[in-house]
Amino acid sequence: MADGRELIYFDDTEPWLSGERARDAVDHRPLPPADEVVRGGSQVRYDPLTGDWIAMASHRNDRTLMPPPDQDPLAPTVPGGFPTEIPDDSYDVVVFENRFPSFSTRVGGEPGLVDGEELWPVRPGTGRTEVICFTSEATGSFGTLDPRRARTVVEAWVDRTEGLARVPGVEQVFCFENRGREIGVTLPHPHGQIYGYPFVTPRTATVLRRAAEHRAATGRNLFRDVLDAERRAGTRVVLETEHWTAYVPAAARWPVEVHLAPHRDVPDLPALDDAERADLVTAYLDLLGRLDRYYPDDRPLPYIAGWHQAPVRTGREEFRLHLQVFSVLRGPGKVKYLAGSESAMAAWINDTTPERIAARLREVAA
């Protein structure tokens with residue numbers, strides 16, 4: 001790209017797939033070098049009360065917010081049109097370094113202390129954050145893709161999980177999609193993000209502690225026991241395929257929440273075999289279709305969908321790959337705001353029951 005960021009094409013249509021046409025487009029935008037924009041712009045500070053690392057990325061405050069259709073930065077760049085992040089007049093799936101990254105390999109600086117106090121370690125926000133565009137179409141989401149394109153996105157997730165795991169300092173890779181204004185989406189173009197964190201995330205660290213305790217007490221894997229228990233009970237199972245089961249967790253936090261887990265114990269997306277990846281496309285598209293039919297107002301459901309994968313170096317024997325999809329919508333036009341109990345105390349109160357969520361998702365099967 002014009003500022004030195006990396007851009008990667010994942011092709012599944014002609015003339016790109018056969019190599020009959022090479023991608024030779026040039027990004028002519030007058031952008032300042034990414035190294036200058038990002039350097040010193042991201043750091044992580046340690047919270048001694050929780051043990052969490054908190055990212056500070058003030059440059060992200062200037063990122064693009066809901067641009068008009070003719071200035072979509074994720075659209076292809078057409079002759080005479082708005083110059084976008086993709087310097088080509090068409091594409092299938094594309095991944096590139098985020099222009100406004102939370103973490104970046106370009107960040108400079110050394111570890112230190114905030115105000116010289118030992119309580120508050122600080123270090124550069126080293127890592128990587130990428131944008132993945134699912135399609136060149138201006139509207140839609142993963143759930144509106146055809147199976148062929150959905151499989152290409154899965155393969156891109158696999159490739160980038162492997163790639164980011166090799167980046168020095170990256171401890172965990174997270175592929176996710178935000179959808180809908182209620183979630184806080186700033187670009188309507190069908191896309192997701194891929195984070196390479198410079199630490200093991202708080203949720204994963206907590207789950208790994210629980211998994212270790214479960215292993216010590218029972219000799220078994222906690223994730224396997226949860227999946228087996230949900231399948232035995234059946235009351236919260238939404239759908240099953242040959243290789244995957246979708247279920248609403250027994251202690252679901254959100255008014256709409258589903259987990260999708262493979263039947264085989266695997267730590268991350270790259271560990272899935274070809275049959276599991278193909279079946280994932282079938283199961284995931286089915287699940288997303290049901291979520292869009294969950295409320296009877298024919299509006300696409302706002303959601304966050306994220307792949308929980310094992311950290312790069314720790315806990316890989318205990319962790320188990322799974323997808324979490326959840327929505328803040330507690331009814332048509334009604335958003336569940338995280339007020340005092342959830343935001344301040346992390347004490348969750350659900351506005352429905354997991355059994356009702358699962359029953360509704362079974363009811364709206366195509």
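Our structure is the block above this text.
Residues numbered from 1 in each chain as written. Predicted model: local features only at pLDDT ≥ 70, side-chain atom pairs only at ≥ 80, totals over all residues. Heavy atoms only, no water.

Considerations on the nonpolar core
Side chains of a nonpolar character, in soluble globular proteins, are inclined to be buried together.
Then, in step 1: Ile132, Phe142, Trp157, Val238, Tyr284, Leu291 and Trp307 are the most contacted members of the largest nonpolar core, which has 59 residues in total.
Then, in step 2: Broken down by element, this core gets its largest block of residues, 8 residues, from helix H5 (residues 274-292).
Then, in step 3: Sequence-distant contacts of Ile132, defined by excluding residues within four places in its chain, comprise Val93, Val94, Val95, Val153, Ala156, Trp157, Pro190, His191, Gly192, Gln193 and Ile194.
Then, in step 4: One finds Phe96, Val131, Cys133 and Leu187 within the second-largest nonpolar core, a separate group that totals 8 residues. (Core = buried A, V, L, I, M, F, W, Y, C linked by side-chain atoms within 4.5 Å. Buried < 20%, exposed > 50% of the residue type's maximum accessible area, 1.4 Å probe, protein only. Helix = DSSP H or I, 4+ residues; strand = E, 2+ residues; numbered from the N terminus. Contact = heavy atoms within 4.5 Å.)

A few points about the environment of Trp348
Then, in step 1: Note that Trp348 resides in the loop between helix H6 (340-345) and helix H7 (354-363).
Then, in step 2: Taking relative accessible area as the criterion, Trp348 reaches 29% and is therefore assigned partly exposed.
Then, in step 3: Put simply, Trp348 and Leu338 are 10 residues apart on the chain and 8.8 Å apart in space, counted from C-alpha to C-alpha.
Then, in step 4: Discounting chain neighbours no more than four positions away, the residues touching Trp348 are Arg253, Trp254, Leu338 and Glu342.

Looking at the packing of helix H3 (residues 202-218) against helix H4 (residues 222-233)
Then, in step 1: Direction vectors running N to C along H3 and H4 enclose 85°, while the axes themselves pass 8 Å from each other. Here H4 runs roughly perpendicular to H3, going by the angle between their axes. From H3, Val207, Arg210, Ala211 and His214 reach across to H4, where they touch Leu222, Phe223 and Asp225. (Axes fitted to C-alpha atoms, helices over the stretch in contact; angles between N-to-C directions. Parallel < 35°, antiparallel > 145°, perpendicular 65-115°, else oblique.)

With respect to the environment of Arg203
Then, in step 1: Of note, Arg203 is situated in helix H3.
Then, in step 2: Considering only alpha carbons, one finds Arg203 and Asp52, 151 residues apart in sequence, at a separation of 9.9 Å.

Examining the side chain of Ser42
Then, in step 1: Mapped onto the elements, Ser42 comes out in the loop between helix H1 (34-38) and strand E2 (43-47).
Then, in step 2: A polar contact is formed between the side chain of Ser42 and the backbone oxygen of Ser102, at a distance of 2.5 Å. (Polar contact = N/O pair within 3.5 Å; in protein donor to acceptor, adjacent residues only side chain to side chain.)

Some remarks on unusual backbone geometry
Note on backbone geometry: most residues besides glycine have negative phi, and most peptide bonds are trans.
Then, in step 1: In this structure, Pro15 follows Glu14 across a cis peptide bond, with omega equal to 5°.
Then, in step 2: Its identity as a non-glycine residue notwithstanding, Asp115 has a phi of 55°, on the positive side.
Then, in step 3: Since its relative accessible area comes to 68%, Asp115 is described here as exposed.
Then, in step 4: A positive phi angle, close to 55°, is found at Ala346, a residue other than glycine.

Here we look at H7
Then, in step 1: Restricting attention to buried positions, one finds in H7 the residues Pro354, Ile357, Ala358 and Leu361. The arc that holds the buried residues of H7, viewed along the axis, is 95°, so those residues lie on one side. Among the exposed residues of H7, those oriented more than 90 degrees off its buried face are Arg356 and Glu363. (Arc of directions from axis to C-beta.)

Here we look at the packing of helix H2 (residues 147-165) against H5
Then, in step 1: It is at 10 Å that the axes of H2 and H5 come closest, and there the two elements cross at 125°. In terms of their interaxial angle, H2 and H5 are classed as oblique. Crossing geometry of H2 relative to H5 is assigned as right-handed. Along its contact with H2, which presents Pro147, Ala150, Arg151, Val154, Glu155, Trp157 and Val158, the element H5 presents Asp274, Arg277, Ala278, Leu280, Val281, Tyr284 and Leu285.
Then, in step 2: Of the residues that constitute the contact of H2 with H5, the class distribution is 10 nonpolar, no polar and 4 charged. (Left-handed = near helix turned anticlockwise from the far one by under 90°. Nonpolar A, V, L, I, M, F, W, Y, C, P; charged D, E, K, R; others polar.)

Side note on the sheet that holds strand E4 (residues 93-97)
Then, in step 1: Read from one edge of the open sheet, 10 strands run E1-E4-E7-E9-E8-E13-E14-E12-E11-E10, paired in antiparallel fashion. Edge positions in the sheet fall to strand E1 (7-10) and strand E10 (237-240), since each of these pairs with one other strand and no more. Taken pair by pair, the neighbouring strands of this sheet meet at an average axis angle of 20°, ignoring direction.
Then, in step 2: Across the sheet, H7 touches E10 and strand E12 (256-262), and the angle it forms with E10 is around 40°. (Pairing = 2+ DSSP bridges.)

A short note on the pattern of salt bridges
Then, in step 1: The tally for this structure, following the rule as stated, stands at 38 salt bridges.
Then, in step 2: For Arg128, the salt bridge identified is with Glu130, shortest N-O distance 2.7 Å. This pair shows no difference in class: Arg128 is buried, exactly as Glu130 is.
Then, in step 3: In this structure, Arg264 engages Glu276 in a salt bridge whose closest nitrogen and oxygen atoms are separated by 2.7 Å. On the criterion of sequence distance, the pair formed by Arg264 in the loop between E12 and H5 and Glu276 in helix H5 is long-range, its members being 12 residues apart.
Then, in step 4: Residue Glu276 is classed as buried on the basis of its relative accessible area, which comes to 3%.
Then, in step 5: Through salt bridges that share partners, Glu6, Asp35, Glu97, Arg106, Arg128, Glu130, Asp159 and Arg160 make up one connected network. (Salt bridge = Lys/Arg side-chain N within 4 Å of Asp/Glu carboxyl O.)

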